[in-house]
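# Analysis of the macromolecular model
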Amino acid sequence: MDPSLFRYIWRHSRGEQIFLLLVILASLPLYWVSLEVPKHIVNDAIQGGAFKHGNATARLFEWSISLPSFLGGYTWKIFDGVDLSRVPYLFALSFWFLALVLINGAFKYVINIRKGILGERMLRRLRFDLFSILMRFRPEDIAPLKPAEVAGMIKDEVDPIGGFIGDAFIQPAFLITQAGTALLFIMVQSPGMGFAALVVVLAQAIIIPVLRREQIRLGRMRQLASRQLAGRIGEAIETAPAVHTFGATRYIEADIGDRLGGLYKIRADLFKRKFAVKFLNNLLAQLTPFIFYAVGGYLALRGTVDIGQLVAVIAAYRDLPPPIKDLIDWDQQRQDVQVKYEQVSAQFSPDRLLPAFDPTEKRELPPADTPICLTSVSVQDARGVPLLDRLSLQLDRPSHVALTGAVGTGRDILARIIGRQYLAYQGSVKIGDVEITALSDIELSQILSFVGPDSHLSPGSIRDNILFAAKRRQPSLGDISALVSDDEQYRSFLESRRSGNPLVSAAADWIDYRALGVEGPDQVYDAIRAALDVAGALPDINRFGVRGRFDESHSEEFLQPFVHARQRVRERLAEKGMSHLVDSFDPERYNAGASVGENLLFGVPKGKRLRMDTLQRDIFVRSILEAEALMEPLIDLGLHIAEMAVETFAGLPPEHPVFERYSAIRPEDLPRFQEIVDSVHARGTTRALSASARTRLLGAGLAYIEPRHRLGLVDDAFSRRVLRARQSFRDHLPSHYVDEIEFYDPDRYMRAAPVGDNILFGRISYGIANAPERVYALARSVVEELNLDRPIFALGLEFEVGKGGWQLQPVQRARIAIARALIAHPQVLVMENAFLAFTPAEAETLLASIRSAMKDRTVIATLADSEEAAGFDRIIEFEGSRIVSRDVVELAQSA
């Protein structure tokens, strides 16, 4: 960052600044005339100065230009003016004054609008420049930064800078010329009053800034304290799991309270200082009108100053304090903003930055067969303990190299250095003849990919995260007419160019298809699938697809094959004598594999109103149960479940696996159900229970599944009553419930249900050995036969991973990170502790798959020992910071 704020502003906005300065200069003559007109209104029109000697008319608007006497004194008349009587003369001058007020207001409007837009445009540029520099931080420089603090600096702390940028040159020029014009006009009318106004103005300009120095210091402290508070809050959010685990919530709250207290004290002191200065400033500003009224009135009574001059002076002074006050405020803002800019620029000015990519520079990348050479590479930790000590090493390409040893030894730091995840080393690391630090990110990404122990995934879909590795192609601007399709897009394009922002939107096609090994978007699916296959993630993606839901963007024609697959599955089950393994959804039958509540609804809830965990509280559902005389039987059913649960599971720990089978009652609800059971036993009836207790029992009854819980509480008679209630529920469904549920229909695709439920359209029977495996295998064969595996896989790719990938298991995150690194076909793949999330067997299988995919390319992996590295071309063993073995295996021998 440029250390000078004003130089930064001038370099990027001098054209607009010069234009506005010219506008200000053009406004001054009209501003002077607007100060003159009130004097003429009073002296010439009201007091009749223009109608002396009994003249009935006077000439107005006579404009001429005269040469100085030494040039001959010749006069050119531009306009002869008009003769007006006294009343029209007064109104003409008044309307001329009004016109001047409007014209001067228009000048101010244009100046303020243009400088405001200039400030916003420069703020946009400044934020982008800061972010662009942040993206060039070395890994060891960016690692200690707190995301909340950095985001706060870019988002909030530079906001006042953006507000000042438009005022940096324009505001003082405008205010000085306005105040100078008004002060000069006063002096022309009365030198004495002009001198008095000048003294007060100078006093304001000297005293107020001196008093505001403490205010500026407190402002700096407030900014620093606010930044630290934001960082501490962000840190508390990041460490929330540990805070809850160790019960440190009150301590964290106390820490935040202390920081808020310190910030409050600073802000309170700043508040007192600000209004003390404001009081003094207003006092000085009101002193001059007192002088004008007293001294000016006295001089008017003496005849030294006429009334028109006094009115004009007072009117002119009315315009003098605001510019002076604003100029003092501008000076304070300048100092505040300069401090903010210096603090921000210091944070964004590390000693070294990664090189920026220059698309105009065509650099030849090192050939794929050039080695990686390390010369005298040394690394020390914060205590000065060597992690690597003058290491010199050459790694041939292509080859598979294993770095073995214990975790935390030199093998890890060496892998991070080669992967350019750590650059605070002494020595040289080259790929061919090019120093690794001389390559931009885009250039290095065409050679090397890195996978570490932490799988950093961005919020978005799995597809977005995998293709992130290929979003490095700079889309061509091409013809401007092709880039923008309407006026709004064209204006956005121009603003991006004026603000120094990227001209191509992130919505453009940034994917480097050549890196993926494909020719266009139609083949991206195959590239993603191949990378996920190598990473062993295909089963997970298919599982996400089966559990996913197709949205409204998919047509009925697209979904119809899934209904056909549903019918084909039923036929296959019947052919193989497996129909008993699935309880299908039939409008005329009670589904034994579903709960009582699911049988009642016979559909998929779409909103929150009819969710199974809150169904017992819904007013309409309760009214149907009352009408069909099912309320009391279901409450009694819930009581039986509660009695069984209390008797059987009391005393078991909540994590006991038996609770998974008897999910009608959750472990944490057992104490409450114990109280309900005791109350019923004491009173002999459920009707005396409280409304909340009866609702709990109703919920347990609605969650009951006969084959799962096996209490023999659902017989044929009860099933028929539920079927009758199902029909009543559907027939009397209120209009505002229509969007809350999608009813099961054997001939329609259920958009609210997952894909798997649509294909199976039923519940797998409980208690039959291997029933799920047999049914799923049959369903998968039907899906593959009908070529539905591709849309299911594509749906699985749209699974949202959440912040940092928290929606995924660690193993799943690791596999996706590996697939992301592989998809762009890197020449070199560096893996540092990339298999920590896997079991030894899984790691061995995955490593073999990766090595097979990278057969003719380079793999550098950190492994625990030489046994895991079997088959590698080279094994480099570390003990602490030293290499203890540099085993090179001949390719012919390994073959």
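Okay, so let's go over this structure.

Rules of the game
Residues numbered from 1 in each chain as written. Predicted model: local features only at pLDDT ≥ 70, side-chain atom pairs only at ≥ 80, totals over all residues. Heavy atoms only, no water. Buried < 20%, exposed > 50% of the residue type's maximum accessible area, 1.4 Å probe, protein only. Helix = DSSP H or I, 4+ residues; strand = E, 2+ residues; numbered from the N terminus. Pairing = 2+ DSSP bridges. Right-handed = clockwise from strand over helix to strand, strands pointing away. Core = buried A, V, L, I, M, F, W, Y, C linked by side-chain atoms within 4.5 Å. Contact = heavy atoms within 4.5 Å. Polar contact = N/O pair within 3.5 Å; in protein donor to acceptor, adjacent residues only side chain to side chain. Phe/Tyr/Trp six-rings, centres within 6.5 Å; stacked < 30°, edge-to-face > 60°. Patch = residues over 30% accessible without salt bridge, like charges linked within 9 Å, V, L, I, M, F, W, Y side chains within 5 Å. Areas by Shrake-Rupley, 256 points an atom, 1.4 Å probe, with all protein chains shown as cover. Salt bridge = Lys/Arg side-chain N within 4 Å of Asp/Glu carboxyl O. Axes fitted to C-alpha atoms, helices over the stretch in contact; angles between N-to-C directions. Parallel < 35°, antiparallel > 145°, perpendicular 65-115°, else oblique. Nonpolar A, V, L, I, M, F, W, Y, C, P; charged D, E, K, R; others polar. Lys, Arg positive; Asp, Glu negative; His and termini not counted. Charge placed at Lys NZ, Arg CZ, Asp CG, Glu CD.

## Some points on the pairing of strand β15 (residues 828-831)
Every second residue of β15 is oriented toward a common face, with Val-828 and Val-830 on one face and Leu-829 and Met-831 on the other, all of them buried. The pairing of strand β10 (residues 448-451) with β15 spans 4 bridges and is parallel. Bridge pairing in β15 links Leu-448 to Val-828. Of the pairings in the sheet, the one linking β15 to strand β16 (residues 858-863) comprises 4 bridges and is parallel in character. Paired with Val-828 across the two strands is Thr-858, which belongs to β16. Running through helix α34 (residues 840-853), the crossover from β15 to the neighbouring parallel element β16 is right-handed.

## Comments concerning the nonpolar core
Nonpolar side chains in soluble globular proteins tend to be buried together. Grouped together as the largest cluster of nonpolar side chains are 50 residues, with contacts concentrated most on Leu-516, Leu-532, Met-831, Phe-835 and Ile-850. Once you skip the residues sitting within four places of it in the chain, Leu-516 turns out to touch Leu-467, Ala-470, Ile-511, Val-524, Ala-527, Ile-823, Ala-824 and His-825.

## Notes on the environment of Arg-751
In this fold, Arg-751 is placed in the loop between β13 (741-743) and α30 (755-760). With 201 residues separating them in the primary sequence, Arg-751 and Phe-550 have C-alpha atoms 6.1 Å apart. Setting aside its immediate chain neighbours within four residues, Arg-751 contacts Arg-549, Phe-550, Asp-551, Glu-552, His-554, Ser-555, Glu-556, Leu-559 and Glu-742. A polar contact of 2.8 Å, which involves the side chain of Arg-751, links it to the backbone oxygen of Asp-551.

## Here we look at helix α13 (residues 410-418)
Of all the 9 residues making up α13, 8 are buried; the element is thus mostly covered by neighbouring parts of the structure. Of all the residues in α13, the buried ones are Gly-410, Arg-411, Asp-412, Ile-413, Leu-414, Ala-415, Ile-417 and Ile-418.

## Structural notes on the packing of aromatic side chains
All told, the structure shown has 20 aromatic pairs when counted by the stated rule. Taken together, a centroid distance of 6.2 Å and an interplanar angle of 40° make the contact between Tyr-8 and Tyr-341 tilted. Remark: Tyr-341 occurs in helix α12 (residues 321-347) and Tyr-8 occurs in helix α1 (residues 5-46); sequence separation between them is 333 residues. Of the two residues, Tyr-8 and Tyr-341, both sit in the buried class.

## What about the side chain of Ser-765?
Relative to the assigned elements, Ser-765 resides in the loop between β14 (762-764) and α31 (771-785). Here His-580 takes part through its backbone oxygen, which lies 2.8 Å from a polar atom of the side chain of Ser-765. Non-local contacts of Ser-765, meaning those with residues more than four positions away in its chain, are made with His-580, Leu-581, Val-582, Asp-583 and Ala-771.

## Examining a nonpolar patch on the surface
Residues Trp-63, Ile-65, Tyr-74, Trp-76, Ile-78, Phe-79 and Val-82 make up a contiguous nonpolar surface patch of roughly 730 Å² in combined accessible area. When residues of the nonpolar patch are traced back to their parent elements, those giving at least two are β2 (63-66) and β3 (75-79). With respect to the helices, strands and loops of the structure, Ile-78 is situated in strand β3. Residue Ile-78 is classed as exposed on the basis of its relative accessible area of 54%.

## Overview of the packing of helix α20 (residues 538-547) against helix α32 (residues 789-797)
Axis separation between α20 and α32 bottoms out at 7 Å; the angle between their running directions is 90°. Here α20 lies roughly perpendicular to α32, going by the angle between them. Residues Leu-538, Ile-541, Asn-542, Phe-544, Gly-545 and Val-546 of α20 lie in contact with α32, whose contacting residues are Ile-792, Phe-793, Leu-795, Gly-796 and Leu-797. Residue composition of the contact of α20 with α32, by class: 8 nonpolar, 3 polar and no charged.

## What about a negative patch on the surface?
A surface patch of like charges, here negative, comprises Glu-844, Asp-865, Glu-867, Glu-868 and Glu-877. With respect to the helices, strands and loops of the structure, Glu-867 is situated in the loop between β16 and β17 (874-879).

## Some words on the pattern of salt bridges
By the definition in use, this model includes 24 salt bridges. Several salt bridges converge on common partners, so that one network encompasses Arg-232, Asp-255 and Arg-259.

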